[in-house]
Amino acid sequence: MPGGKTFRDLIDDYTIWINYDPKNNGNDWGWTVPTTNPKDLVITQFALRMGRWSTAATIVHELAHLNGVTGATHVAEHTVKACLMQSGAGPYNAGIIGQFIKRRDVAFG
């Protein structure tokens, strides 16, 4: 990814903040604005309402944006798949149950 960080680098970065947005409109899962807020990602009420795996997938997706991935590509979506959090219906399927796999580190592509 453009930022050159691994998933572990981002998770271990205590300066990244996860913020809450009360939007519950069925369209907005989360967002970032890396150019002005490179250490902030936002999770919406809608993502939280969809369950823990959808919330986790949204965090992974938004971390990809903080690692330099623009919204003009599907690379952020592919990070969800690389972390084994994508069902056959897509990364934000409300029916996803998630998978646990023991790995020491996962690079974002």
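Remember, it's a predicted structure, so these values are computed and weren't measured experimentally. (Residues numbered from 1 in each chain as written. Predicted model: local features only at pLDDT ≥ 70, side-chain atom pairs only at ≥ 80, totals over all residues. Heavy atoms only, no water.)

Novice: I would appreciate a short explanation of helix 3 (residues 52-66) in the present structure.
Specialist: Owing to its 3.6 residues per turn, the α-helix brings residues three or four apart onto one side. Along its 15 residues, helix 3 runs 21 Å from first to last C-alpha, staying within 8% of the 21 Å computed at 1.5 Å per residue. Along helix 3, the positions that sit buried rather than exposed are Ser54, Thr55, Ala57, Thr58, Ile59, Val60, His61, Glu62, Leu63, Ala64, His65 and Leu66. Those residues of helix 3 that are buried are in contact with helix 1 (7-12), strand 1 (17-21), strand 2 (30-32), strand 3 (40-44), helix 2 (45-49) and helix 4 (75-82). Gly68, located one to two residues past helix 3, shows a positive phi value of around 100 degrees. (Helix = DSSP H or I, 4+ residues; strand = E, 2+ residues; numbered from the N terminus. Expected span 1.5 Å × (residues − 1). Buried < 20%, exposed > 50% of the residue type's maximum accessible area, 1.4 Å probe, protein only. Contact = heavy atoms within 4.5 Å.)

Novice: Explain the packing of helix 3 against helix 4 here, please?
Specialist: In helix packing, the relevant descriptors are the interaxial angle and the interaxial distance, both defined with respect to the helix axes. Where helix 3 contacts helix 4, the two axes come as close as 8 Å, and the packing angle between them is 130 degrees. Comparing their axes, helix 4 and helix 3 come out oblique. Viewed along their axes, helix 3 and helix 4 form a crossing whose handedness is right-handed. Residue-level contacts link Ala57, Val60, His61, Ala64 and His65 of helix 3 to Ala76, Glu77, Thr79 and Val80 of helix 4. A per-class count over the contact of helix 3 with helix 4 returns five nonpolar, three polar and one charged. (Axes fitted to C-alpha atoms, helices over the stretch in contact; angles between N-to-C directions. Parallel < 35°, antiparallel > 145°, perpendicular 65-115°, else oblique. Left-handed = near helix turned anticlockwise from the far one by under 90°. Nonpolar A, V, L, I, M, F, W, Y, C, P; charged D, E, K, R; others polar.)

Novice: In this structure, what is going on with the environment of Met1? I would like to understand it.
Specialist: Mapped onto the secondary structure, Met1 falls in the segment before helix 1. The exposure class of Met1 is partly exposed, given its relative accessible area of 24%. Taking C-alpha positions, Met1 is 8.5 Å from Val75, a pair spaced 74 residues apart along the chain.

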